[in-house]
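Architecture and fold: a report
Read off the chains here:
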Amino acid sequence: MVKPVPQSPPSGSVVEVSVSRVRAGDLIRDRDRLVVELPLEIRFGPRSSTVLLRTPGHDEELVRGFLYTEGIIRRAADIVALERLSGAPLNDDAGSVIAVQLAIECVLPGQRLFAATSGCGACGKESLAALEVRAPAVVAAQTIAYEVLATLPDRLRAAQPTFALTGGLHAAALFTVDGTLLAVREDIGRHNAVDKLVGCAIGEGNEHLALGDLVLVVSGRLGYEIVQKAIAAGIPIVASVGAASSLAVELAERFGLTLATFLRPGSGNLFGKIGRVRLSAPARSTSP
């Protein structure tokens, strides 16, 4: 699954626009690069099911990963066919349409059409019950040295070509526990970036995902949607630059994940199954 670090943004992911910059009281006309945000419609047969707002690039991976982390498929073979439609209403500058044919035993999502925005990985859930995670606990025994773990956010940032141009999107990456970068994906939605990674693994032809020895690192914060997708993919260790939400920590404790937040060399916060993180010195517990 090792992928070369991308040197340039995917085609169609960045657009150049006019901008007026205020500098020392003066107004300067200039050009700026922005991250593209466009809809991607997923269809099952003639029926539209989901519209995702995403940054174009690796769309097929996004669809595969989304179907997997939402529990609609459980293996690569569940997708019989996946085709980008030409001439559909959302194609070209307005967005794209991907038609999916699933194996007959797969249960299609409900009839309700919903839109998942770039900022919300839980949008479109029809009830509180739909937020319940239906997956086994993560039991992977891999551990990682904290000295390695703390370097991963900076290494993720260094592997973001679109962020370097625009400063306007998130990323997710998979690392081995020795710090080897396997794959990185960018998107305006951090949950989309995670789905692209999962779809990348499925696209390797793996019949079942085998991510239990890896570390997921995401930019920004850790919310429910990221931890839910990590649980579905069986990823045991999830790290972030920012904070975790209360629901993310609750899920990690229930399903045996290790969360690491506010990662910096020499400091950070750990939640859940913290024994997967090895410290160079014996751990000392102190009361606040």
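This is a predicted model, so every value here is computed, not measured.

As for the overall build of the protein chain
A count of helical and extended segments in the protein chain gives 7 helices and 15 strands. Counting over 288 residues, the protein chain shows a buried share of 47%. Long-range contacts, defined as pairs at least 24 residues apart, comprise 55% of the intrachain contacts of the protein chain with a sequence gap of at least 6. Of the accessible surface of the protein chain, which amounts to about 13,600 Å², a share of 54% is contributed by carbon and sulfur atoms.

Considerations on the packing of aromatic side chains
Counted according to the given criterion, the structure contains 0 aromatic pairs. The cationic tip of R74 hangs over the ring face of Y68; the distance from NZ or CZ to the ring centre is 4.5 Å.

Here's the deal with the pairing of strand β9 (residues 170–176)
The buried fraction of β9 amounts to 6 of the 7 residues, a majority that puts the element mostly inside the structure. As paired strands, β9 and strand β10 (residues 181–187) are joined by 6 bridges and run antiparallel to one another. Across the sheet, the residue bridging to H170 is D187, located in β10.

Notes on the side chain of D59
Inspection of the secondary structure puts D59 in helix α1 (residues 59–69). Beyond its immediate stretch of four places on either side in the chain, D59 contacts L40, R54, R84, S96 and I98.

Brief notes about the environment of R264
As for its position among the elements, R264 is in strand β13 (residues 258–264). Look at R264 and you get partly exposed, because its relative accessible area is 38%. Residues R264 and A150, 114 residues apart in the sequence, show an inter-C-alpha distance of 5.4 Å. When near neighbours in sequence (up to four residues on either side) are disregarded, R264 contacts Y146, A150 and V241. Of the polar contacts made by the side chain of R264, one reaches the backbone oxygen of V241; its length is 3.4 Å.

Describing the nonpolar core
What tends to happen in soluble globular proteins is that the nonpolar side chains get buried as a cluster. Among the nonpolar cores identified, the biggest contains 48 residues, and L67, I73, V100, L102, L216 and L257 are the most heavily contacted of them. Setting aside anything within four residues of it in sequence, one finds L257 in contact with V138, V227, A230, I231, I235, P236, V238, A252, F271, G272, K273 and R276. If you look at the next biggest cluster of nonpolar residues, it comprises 19 residues, including V215, A239, A260 and L263.

What counts and what doesn't
Residues numbered from 1 in each chain as written. Predicted model: local features only at pLDDT ≥ 70, side-chain atom pairs only at ≥ 80, totals over all residues. Heavy atoms only, no water. Helix = DSSP H or I, 4+ residues; strand = E, 2+ residues; numbered from the N terminus. Buried < 20%, exposed > 50% of the residue type's maximum accessible area, 1.4 Å probe, protein only. Contact = heavy atoms within 4.5 Å. Areas by Shrake-Rupley, 256 points an atom, 1.4 Å probe, with all protein chains shown as cover. Phe/Tyr/Trp six-rings, centres within 6.5 Å; stacked < 30°, edge-to-face > 60°. Lys NZ or Arg CZ within 6 Å of the ring centre and 35° of its normal. Pairing = 2+ DSSP bridges. Polar contact = N/O pair within 3.5 Å; in protein donor to acceptor, adjacent residues only side chain to side chain. Core = buried A, V, L, I, M, F, W, Y, C linked by side-chain atoms within 4.5 Å.

By themselves, these observations are geometric and do not establish any function.
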